[in-house]
Amino acid sequence: MMTHSDVMDSNVPAAATPGATHAIHQLLSARRFRPVEALPWLLAAAVYFVLPQYFQLGAQVLIMVLFALSFDLLLGYGGIVTLGHAAYFGAGAYTAGLLARYGWGEPLSALLVSGLVAGMLGTLAGAVILRTKGLALLMLGMAVSLLLLELANTATDITGGADGLQGMDVRPLLGQFEFDMLGKTAYIYSLAVLFLAWVLLRHLVNSPFGRSLVGIRQNPARMQALGVSVWGRRLTAFAISSALAGIAGALSAQTSQFVSLSVFSLELSGMVIVMLEMGGVGRLYGAFVGATVYMVAQDTLSKDQPATWLFWIGLLLILLVLFNRGGLLGLCDTVRRRIAHKEVS
Amino acid sequence: MNTANILVGIAFSGAAYAMVLYMTSVGLSVTMGLLGVANLAHGAFAMAGGYLLVTLMDRLEVPFGLAVVLACVAVGAISLVLERWLYARVYKATELDQVVLSMGLIFVGTAVAHFVFGAQPVRVAIPDAIGGQLALAGGFSFPVYRLVLIATGLAVFAALWLTIEKTLVGARIRSAVDNRAMAEALGLNSKRLFAAVFALGSVLAALGGAMGADVMAIEPEYALKHLVYFLIVVAVGGLGSVKGPFLAALLLGVGDAACKILAPGFGGIFIYIALFLILLVKPNGLFGRA
């Protein structure tokens with residue numbers, strides 16, 4: 001079947017399209033756009049108009065979606081299980097925080113620099129830890145984030161140590177929009193960055209690069225034999241993923257004007273795995289569902305009794321592993337298949 | 001305080017800490033090595049051992065020694081149920097599923113501990129007979145309980161080593177670690193063996209948690225707080241090994257203590273750098289099987 005995008009591609013000559021529009025068009029048409037994909041963005045827009053009292057929480061949710069999305073590239077597509085993705089989120093957060101504290105308050109350029117720093121760190125760390133597999137990979141990934149945690153804890157003069165990094169001076173976005181107490185600017189800013197990242201990732205996972213990553217996850221030896229540089233692809237995925245995680249961390253620092261040591265914690269690394277597993281791994285949208293459900297449930301349930309929240313989330317995880325591999329989205333698929341099956345018979 | 005005093009102090013407190021780490025971690029090494037389950041919830045079994053010890057002593061007035069034994073037996077029994085209901089289903093699943101399942105167990109365990117025992121750490125009353133200080137010539141004095149910990153750790157090491165290396169059960173475990181399919185083909189009842197090994201690992205965790213409550217306080221966050229150290233000991237020592245975690249625990253326990261005392265500013269970093277270097281050179285750990 002010929003898809004909509006195929007038709008579009010053949011009809012639009014490259015030279016006739018202005019460069020930028022063409023690039024965006026290319027990105028969006030990488031795979032046929034399904035109407036359901038607009039749902040998260042419509043919901044995000046609805047929150048903006050209907051629930052202004054939730055801007056703060058909303059921005060945090062969007063940032064965690066971005067973080068989970070970055071990890072999905074590694075976990076869902078690359079099949080790389082590591083317990084240390086917080087390292088890159090934290091590196092981005094501290095970079096943006098330190099830049100804002102020492103005079104570089106312009107948020108957009110600081111965001112890019114933070115992504116770059118986290119990406120470079122990811123490339124370095126990935127070059128070391130991707131040489132191992134299994135438990136050693138899990139451990140080395142963890143060691144990176146805990147090493148950074150200890151460093152940030154030790155360099156109290158620069159990072160504020162256990163008290164956290166304070167006194168940031170983040171300038172208005174685009175020189176116009178102040179970061180307000182209500183979180184309006186934070187919400188729009190996070191939403192825009194998340195959208196760009198999503199467009200990029202959507203294109204990436206449907207590109208030959210993304211498909212080869214899936215191939216490597218399923219059978220590295222065969223991909224090697226086909227002439228694919230297994231090591232190179234995995235490292236590239238690691239670098240991109242850590243850069244995006246760093247951008248998520250930087251967003252978190254800029255919108256909350258505070259960075260604490262917990263950005264490097266084992267809890268945060270675990271949390272991103274939990275979010276993805278809840279939503280559904282390796283399908284991009286799992287990050288949206290998982291992070292939103294997790295953050296909103298945490299906000300509601302942990303208000304008076306944090307232990308209640310932990311109990312239910314723990315129970316949900318156990319049940320998800322036992323009865324439904326594929327998270328909440330996987331559950332939707334199963335239900336939909338059952339219904340379709342009934343209609344046929 | 002002179003240099004000798006400091007060095008002996010480091011070696012002593014480091015060794016006591018190392019033995020607590022060892023007792024808990026060796027169980028994890030054996031279960032992970034044989035069953036292939038990345039059981040991050042292992043620390044929750046240790047925590048359960050500590051809480052049971054406190055409950056038995058405080059509410060039922062069971063003496064310390066007996067309470068330790070009962071706590072271990074109880075945790076072993078609980079773990080058998082969990083093995084049948086939960087773990088047996090993820091033996092062949094992906095690493096990710098195992099990580100998520102055990103994360104879920106950590107969360108549930110933490111929440112339950114919080115409901116039942118409150119947020120504050122609980123205190124274990126060490127009996128007077130092993131609670132005092134031992135003064136030696138030359139101005140040294142040691143807490144007797146630390147000596148008991150070191151002795152217990154050594155005894156566990158010896159018992160495990162003899163069991164694994166010299167008995168039939170040990171031979172079965174070793175054969176299943178080396179080649180599970182072949183061992184099963186030769187008539188090994190792997191289902192029963194797996195359950196037994198899982199229970200053994202949990203009993204060891206409970207022993208470490210109960211005996212080590214004085215070194216690592218029993219609190220709801222225990223399972224997550226110390227998880228990193230248990231995993232590091234296993235990763236450095238090697239999966240499925242008895243000797244590996246012993247040396248790794250000693251290395252990390254004493255090294256950690258030394259760095260924290262000699263270089264307080266950078267003390268915490270030592271353990272991660274050591275982990276990094278060792279795993280880079282030997283991805284399977286010091287005594288891991290490839």
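**Examining the overall build of chain A**
The secondary structure content of chain A amounts to 16 helices and zero strands. Counted over contacts in chain A with a minimum sequence separation of 6, partners at least 24 positions apart contribute 78%. Of the roughly 15900 Å² of accessible surface on chain A, 66% is carried by carbon and sulfur atoms.

**Overview of the overall build of chain B**
For chain B, the count of helices and strands is 12 helices and two strands. Secondary structure elements in chain B, listed N-terminal to C-terminal, are α-α-α-α-β-β-α-α-α-α-α-α-α-α. Since a compact globule built from 290 residues should have a radius of gyration of about 19 Å, the 19 Å found for chain B is in line with a globular shape. Overall, chain B is about 60 × 50 × 35 Å in size when its C-alpha atoms are taken along their principal axes. Within the span of chain B, comprising 290 residues, buried residues form 53% of the whole. Residue pairs in contact within chain B that sit at least 24 positions apart in sequence constitute 74% of those at least 6 positions apart. Surface exposure of chain B reaches about 12200 Å², of which carbon and sulfur atoms provide 67%.

**Some words on the pattern of salt bridges**
A complete count under the given rule lists three salt bridges over all chains for this structure. The closest approach of N and O atoms between Glu219 of chain B and Lys225 of chain B, which form a salt bridge, is 2.6 Å. Classification of Glu219 of chain B as buried rests on a relative accessible area of 11%. A residue is classified by how much of its surface remains accessible, and Lys225 of chain B, at 47% relative accessible area, is partly exposed. Through salt bridges with shared partners, a single ionic network connects Arg283, Asp333 and Arg336 of chain A.

**Focus: the packing of aromatic side chains**
Residue and element names in this part refer to chain B. Applying the stated criterion to the full structure yields 16 aromatic pairs over all chains. Consider the rings of Tyr87 and Phe198, whose centres lie 4.7 Å apart with planes at 40°: the pair is tilted. With Tyr87 in the loop between helix H3 (64-85) and helix H4 (95-117) and Phe198 in helix H8 (residues 190-211), this pair connects stretches of sequence that are 111 residues apart. Assigned by exposure class, Tyr87 and Phe198 land together as buried.

**Some points on the confidence of the model for chain B**
Per-residue pLDDT for chain B has a mean of 85; in total, 96% of the residues score no lower than 70. For this predicted complex, the interface score ipTM comes out at 0.87, alongside a pTM of 0.83.

**A word on the interface of chain B and chain A**
Counting residues at the interface gives 42 residues for chain B and 42 residues for chain A. Inspection of the region where chain B meets chain A yields zero salt bridges. Seen at the junction of chain B and chain A, the total is zero residue pairs in polar contact (both at pLDDT 80 or more). Among the secondary structure elements, those contributing two or more residues to the side of chain B that touches chain A are H4, helix H10 (227-237) and helix H12 (270-281) of chain B. Per-element accounting of the side of chain B that touches chain A gives the leading share, 16 residues, to H4 of chain B. Within the side of chain B that touches chain A, the residues separate by chemical class into 34 nonpolar, five polar and three charged.

**Points about the nonpolar core**
Of all hydrophobic cores here, the largest spans 210 residues; its most connected members are Tyr294 of chain A together with Tyr22 and Tyr87 of chain B. A per-element tally of this core places helix H4 (residues 55-77) of chain A first, with 17 residues. Leaving out residues up to four positions away in the same chain, Tyr87 of chain B has contacts with Val37, Asn39, Ala41, Phe45, Leu82, Leu101, Ser102, Leu105 and Phe198 of chain B.

**Observations regarding the packing of helix H7 (residues 135-154) of chain A against H10 of chain B**
Where H7 of chain A contacts H10 of chain B, the two axes come as close as 10 Å, and the packing angle between them is 130°. In terms of orientation, H7 of chain A lies oblique with respect to H10 of chain B. Considering the relative orientation of H7 of chain A and H10 of chain B, their crossing is left-handed. Here H7 of chain A contributes Leu135, Met139, Met142 and Leu146 of chain A to the contact with H10 of chain B, which in turn contributes Val228, Leu231, Ile232, Val234 and Ala235 of chain B. Along the lines of polarity and charge, the residues of the contact of H7 of chain A with H10 of chain B split into nine nonpolar, no polar and no charged.

**So, the packing of H4 of chain A against helix H14 (residues 285-301) of chain A**
All names here are of chain A. Two elements in contact, H4 and H14, have axes whose closest approach is 8 Å; the angle formed by their N-to-C orientations is 140°. When the axes of H4 and H14 are compared, the pair comes out oblique. Regarding H4 and H14, the two cross each other, and that crossing is right-handed. Between H4 and H14, the residues in contact are Leu57, Gln60, Val61, Met64, Val65, Ala68 and Leu69 and Ala287, Phe288, Ala291, Thr292, Met295 and Asp299, respectively. For the contact of H4 with H14, the class distribution of residues is 10 nonpolar, two polar and one charged.

**Re unusual backbone geometry**
Residue and element names in this part refer to chain A. Unlike most non-glycine residues, Gln257 shows phi in positive territory, near 55°. Inspection of the secondary structure assignment puts Gln257 in the loop between helix H12 (230-256) and helix H13 (266-279). Overall, Gln257 belongs to the partly exposed group, its relative accessible area being 28%. Phi is positive for Leu284, close to 60°, though the residue is something other than glycine. If you trace the backbone, Leu284 turns up in the loop between H13 and H14.

**Re the side chain of Ser102 of chain B**
Residue and element names in this part refer to chain B. Here Ser102 is to be found in helix H4. At 3.2 Å, the side chain of Ser102 forms a polar contact with the backbone oxygen of Val99. Apart from residues no more than four positions distant in its own chain, Ser102 is found in contact with Ala38, Asn39, Leu40, Ala41 and Tyr87.

**Looking at the environment of Trp312 of chain A**
All names here are of chain A. Relative to the elements of secondary structure, Trp312 occurs in helix H15 (residues 306-323). Take Trp312: its relative accessible area is 47%, and that puts it in the partly exposed class. When the C-alpha atoms of Trp312 and Ala297 are compared, they prove to be 9.7 Å apart, with 15 residues separating the residues in sequence.

**Digging into the confidence of the model for chain A**
For chain A, per-residue confidence averages 81 on the pLDDT scale, and 89% of positions sit at 70 or higher. Segment residues 1-17 of chain A: pLDDT under 50, and 12 contacts once partners within four positions in sequence are set aside and those in other chains are kept.

**Some details on a nonpolar patch on the surface**
Residues Leu301, Trp312, Leu315, Leu319 and Phe323 of chain A make up a contiguous nonpolar surface patch of roughly 490 Å² in combined accessible area. When residues of the nonpolar patch are assigned to their parent elements, the largest contribution, four residues, is made by H15 of chain A.

**Thoughts on H4 of chain B**
When the terminal C-alpha atoms of H4 of chain B are compared, their 32 Å separation across 23 residues agrees well with the 33 Å that a helix rising 1.5 Å per residue should span. Of the residues flanking the end of H4 of chain B, it is Gly118 of chain B, one or two places downstream, whose phi is positive at about 85°.

**Considerations on the environment of Thr123 of chain A**
Residues and elements named next belong to chain A. Relative to the helices and strands, Thr123 resides in helix H6 (residues 107-129). Taking the C-alpha atoms as reference points, Thr123 and Arg217, separated by 94 residues in sequence, lie 19 Å from one another. When near neighbours in sequence (up to four residues on either side) are disregarded, Thr123 contacts Leu235 and Ala239.

What counts, and where the lines are drawn
Residues numbered from 1 in each chain as written. Chains lettered and ligands numbered in written order. Predicted model: local features only at pLDDT ≥ 70, side-chain atom pairs only at ≥ 80, totals over all residues. Heavy atoms only, no water. Helix = DSSP H or I, 4+ residues; strand = E, 2+ residues; numbered from the N terminus. Contact = heavy atoms within 4.5 Å. Areas by Shrake-Rupley, 256 points an atom, 1.4 Å probe, with all protein chains shown as cover. Rg over C-alpha atoms; globule rule 2.2 N^0.38 Å. Buried < 20%, exposed > 50% of the residue type's maximum accessible area, 1.4 Å probe, protein only. Salt bridge = Lys/Arg side-chain N within 4 Å of Asp/Glu carboxyl O. Phe/Tyr/Trp six-rings, centres within 6.5 Å; stacked < 30°, edge-to-face > 60°. pLDDT = per-residue confidence, 0-100. Polar contact = N/O pair within 3.5 Å; in protein donor to acceptor, adjacent residues only side chain to side chain. Nonpolar A, V, L, I, M, F, W, Y, C, P; charged D, E, K, R; others polar. Core = buried A, V, L, I, M, F, W, Y, C linked by side-chain atoms within 4.5 Å. Axes fitted to C-alpha atoms, helices over the stretch in contact; angles between N-to-C directions. Parallel < 35°, antiparallel > 145°, perpendicular 65-115°, else oblique. Left-handed = near helix turned anticlockwise from the far one by under 90°. Patch = residues over 30% accessible without salt bridge, like charges linked within 9 Å, V, L, I, M, F, W, Y side chains within 5 Å. Expected span 1.5 Å × (residues − 1).

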